[in-house]
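The chain contents come next:
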Amino acid sequence: MKTRFKIEAHEFKGPFDIELTIGSGQTSQPAWEKKGKYFQELISVKNKPCLVKISHAPNTDDPIDIIAESKEEIEKEYIKAKIMEIFGLNDDLPKLYDFLRSDPKLEPTIDFCKGLRLFKADNIFESVVCSITSAHNSIRQWNKAINLLKEKFGDEYKFSSGTFYSFPSPQILANAPEHEFDEETCNPELLKTRASWKDLRSCRVGYRSKYIIKASEMVQSEIDLQKINQMDYETAFDTILKIPGVGPKVGDCILLYGYGFGKAFPVDIWISRIVAELYFDEKNVTNPKMRKFGIERFGNYAGYTQLYLFHYARKSGLMKTLKK
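Throughout what follows, the structure given in this document is the object of discussion. (Residues numbered from 1 in each chain as written. Predicted model: local features only at pLDDT ≥ 70, side-chain atom pairs only at ≥ 80, totals over all residues. Heavy atoms only, no water.)

1. With respect to the packing of aromatic side chains
- A full pass over the atoms with the stated rule returns 20 aromatic pairs.
- Ring plane angle 65° and centroid distance 6.0 Å describe the contact between Tyr279 and Phe298, whose orientation is recorded as edge-to-face. Pair noted here: Tyr279 is in helix 13 (residues 269-279) and Phe298 is in helix 14 (residues 287-298), with a separation of 19 residues, a long-range link. Assigned by exposure class, Tyr279 and Phe298 land together as buried.
- Pairing Tyr304 with Tyr308 gives two aromatic rings, centres 6.2 Å apart and planes at 70°, and the pair type is edge-to-face. Residue Tyr304 and its partner Tyr308 are located together in helix 15 (residues 302-316), separated by four residues, close to a single helical turn.
- Here Tyr304 falls in the buried class, since its relative accessible area comes to 9%.
- Members of the aromatic cluster, joined through ring pairs, are Phe12, Phe16, Trp32, Phe87 and Phe119.
- When the ring centre of Phe159 is taken as reference, the NZ or CZ atom of Lys71 above it lies at 5.0 Å.
- One cation-aromatic arrangement involves Arg273 over Trp270; the distance from NZ or CZ to the ring centre is 4.8 Å. (Phe/Tyr/Trp six-rings, centres within 6.5 Å; stacked < 30°, edge-to-face > 60°. Helix = DSSP H or I, 4+ residues; strand = E, 2+ residues; numbered from the N terminus. Buried < 20%, exposed > 50% of the residue type's maximum accessible area, 1.4 Å probe, protein only. Lys NZ or Arg CZ within 6 Å of the ring centre and 35° of its normal.)

So this is what it looks like as structure tokens:
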């Protein structure tokens, strides 16, 4: 089944920059592949694999162009609703910008981040593993690691535009070997074949492999990821912290990019420095206090504020100043 349709500008509120959104490093999923003018990825719609291609001229009133392809028939309305959710197209950006303009320290972020939206998870479990893998890791490295996990442990689907892989289930990753071979005792010739090994370490997740296995076990028996969306933010935060490898920053990443909790305020060293520069006269503030400040000061816009502050710092030159 192949279908093509548009999402008209009046169907979502405010600007949309698809390239900025996809490339912003949000830990919901790896960046979608760009082929020509389209970004493409395999997603699940009503538990059916569906290849989606999406194109849009940034921050214009042009309609969003969608091409969807699937082996099974899927109603267009379901595909459209899933795309609206993944790309934060249900979020009211004009209201967000009104909020940002109400604070002189935040207002400059709008011009640098116009059209940046939450890039939310297609698969909540994938978001959990992405967020765990992103800890102390570059965007490029954790994107590569997650794509390797999909290629080695996911299901393969062939379409006219290429081969795509689903994200592996918790059952698969819970039983995945951490090491296929002991590298320290491998001969040089065997080490050269490492790219073909089927173990978690070969996916470049490093020490996080143990956390991925334990997290995969826990979400099958102790924590129902689907129920977290029904909790209030604080209860959801306390629950997600029970997963191995999930600390406060990773937990807030899962809640923000996985579930869309607006109050989630992920704090890492860069957000801590940026907020300290803007609000605390560069004084050192502990991460727990910084997180509390973000939630109390920015409320339901805490997640978006964090996202905008980070990219404002990268694009305005503030990040270079803070590095010094």
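2. Thoughts on the layout of surface pockets
- By volume, the largest pocket amounts to about 720 Å³.
- Mapped by element, the contributors of at least two residues to the lining of the largest pocket are helix 6 (139-153), helix 12 (248-259), helix 13, helix 15 and helix 16 (318-323).
- Counting residues per element, the lining of the largest pocket draws most heavily on helix 15, which supplies five residues.
- By residue class, the composition of the lining of the largest pocket is 13 nonpolar, 12 polar and five charged.
- Reported here for the second largest pocket is a volume of approximately 390 Å³.
- In terms of lining residues, the second largest pocket is bounded by 17 residues, among which Asp122, Asn123, Ile124, Gln226 and Gly258 are the most central.
- Where the lining of the second largest pocket is concerned, the elements lending two or more residues are helix 2 (76-86), helix 5 (124-134), helix 10 (225-228) and helix 12.
- Of the residues that constitute the lining of the second largest pocket, the class distribution is eight nonpolar, four polar and five charged. (1 Å grid on protein atoms, 1.4 Å probe; cavity = no way out; pocket = protein on both sides within 12 Å on 5 of 7 lines; lining within 4 Å. Points joined across faces, edges and corners; volume = space filled by probe spheres on them. Nonpolar A, V, L, I, M, F, W, Y, C, P; charged D, E, K, R; others polar.)

These results come straight from atomic positions and should not be treated as a statement about function.
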